[in-house]
Amino acid sequence: MKQAAQKRTAKGEAEKTLPIGRRERNKQEKLGRILAAARDLFAAKGFSETTTQEIAERADIGTGTLFLYAKSKEDLLIMVFKDEMIETSQTAFRKVSPDMPLVDQLMQVFGAMVAYHNRDLPLARALIREITILSGPDRKEDVRELMRIIYGGIGDVITAARARERIRTGIDLVLVGEALFGIYYVGLIGWLNGHMTKQAFLKRLRAKLALSIDGLRVAAAETAPAGRPTRSRKS
């Protein structure tokens, strides 16, 4: 133990003398080891059974060094989740089939997110519990970064489908992205909490998205041919 501590101290002193560029690369490489170790241990043992000491040992660093990168195991969970979910989301948006109905395109995107969480349900439950109410500013920014990608991606999908789906102009697409993701997120929590099966969650999600898309469309009165006003019901 004493030799290991001396080794870590010597390594730390050596890092202080590194040029700035090399020092930054060293930090990024160490962070990569930490996240890889956390990801592997969470997958193998589960979130609750994994300790920060085990993560530090797997990453070949001291526990004190680990806490320079993450304040807690919960922090690490969100850091691992953020990178993986950004990749999952970006891939899902890239793979959207351009000729499919808008509701099917959105189900493609949200379905990819569901598939990601379905790989490890206990870990997904721990993750959703931690990100629902965030405490630290760093993790808040992590989640904001992910949300910007998702809201923007939904907006791009809607923009591409606007003419085909008769979507109204002048809509705040970021707001629409927030609303549609909110529908998905509430259902996700219900599924992870065991209130419904995955099949029921996806079925209800499709129905809610279809209703929302109907609300985004141009009203029939706005598309009626000129000279043929829509009939009004007599009182």
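Keep in mind that what you see is a predicted model, and the values were worked out from it rather than measured. (Residues numbered from 1 in each chain as written. Predicted model: local features only at pLDDT ≥ 70, side-chain atom pairs only at ≥ 80, totals over all residues. Heavy atoms only, no water.)

On to the overall build of the protein. Helix and strand counts for the protein stand at 10 helices and zero strands. Order of helices (α) and strands (β) in the protein, N terminus to C terminus: α-α-α-α-α-α-α-α-α-α. Counting over 235 residues, the protein shows a buried share of 38%. Sequence-distant contacts, at least 24 apart, represent 69% of the contacts inside the protein between residues at least 6 apart. Taken as a whole, the protein presents about 14,100 Å² of accessible surface, with 54% of it coming from carbon and sulfur. (Helix = DSSP H or I, 4+ residues; strand = E, 2+ residues; numbered from the N terminus. Buried < 20%, exposed > 50% of the residue type's maximum accessible area, 1.4 Å probe, protein only. Contact = heavy atoms within 4.5 Å. Areas by Shrake-Rupley, 256 points an atom, 1.4 Å probe, with all protein chains shown as cover.)

Moving on, we come to the pattern of salt bridges. Across all of its chains, the model carries 15 salt bridges by this definition. A salt bridge links R33 to E29; its shortest N-O distance comes to 2.6 Å. Linking R33 with E29, this pair stays in helix α2 (residues 20-45), spanning four residues, or about one helical turn. Where salt bridges share partners, they join D75, K82, D83, R139, D142 and E145 into one cluster. (Salt bridge = Lys/Arg side-chain N within 4 Å of Asp/Glu carboxyl O.)

In a soluble, globular protein the nonpolar side chains are often hidden away together inside. The biggest cluster of nonpolar side chains holds 65 residues, and the ones touching the most others in it are F181 and Y184. Contributing elements (two or more residues each) for this core: α2, α3 (52-59), α5 (73-94), α6 (102-118), α7 (121-132), α8 (137-165), α9 (173-192) and α10 (198-216). With residues near it in sequence (within four places) discarded, F181 still touches F110, M113, M147, I150, Y151 and I154. (Core = buried A, V, L, I, M, F, W, Y, C linked by side-chain atoms within 4.5 Å.)

On to unusual backbone geometry, then. Phi at D60 is positive, roughly 65°, even though this residue is not glycine. Here D60 lies in the loop between α3 and α4 (63-69). We note that R166 has phi near 55°; this positive angle belongs to a residue other than glycine. Tracing the sequence through the fold places R166 in the loop between α8 and α9.

This part covers the side chain of K82. For K82, the position within the fold is in helix α5. Those residues in contact with K82 that sit more than four places away from it in its chain are D142 and E145.

Using the criterion set out here, one finds one cavity of 30 Å³ or more in the structure. Computed from the structure, the largest cavity encloses a volume of approximately 50 Å³. Lining the largest cavity, in full, are I183, G187, M196, F201, R204, L205 and K208. In terms of residue count, α10 provides more of the lining of the largest cavity than any other element does, four residues in total. Partitioning the lining of the largest cavity into residue classes produces four nonpolar, one polar and two charged. (1 Å grid on protein atoms, 1.4 Å probe; cavity = no way out; pocket = protein on both sides within 12 Å on 5 of 7 lines; lining within 4 Å. Points joined across faces, edges and corners; volume = space filled by probe spheres on them. Nonpolar A, V, L, I, M, F, W, Y, C, P; charged D, E, K, R; others polar.)

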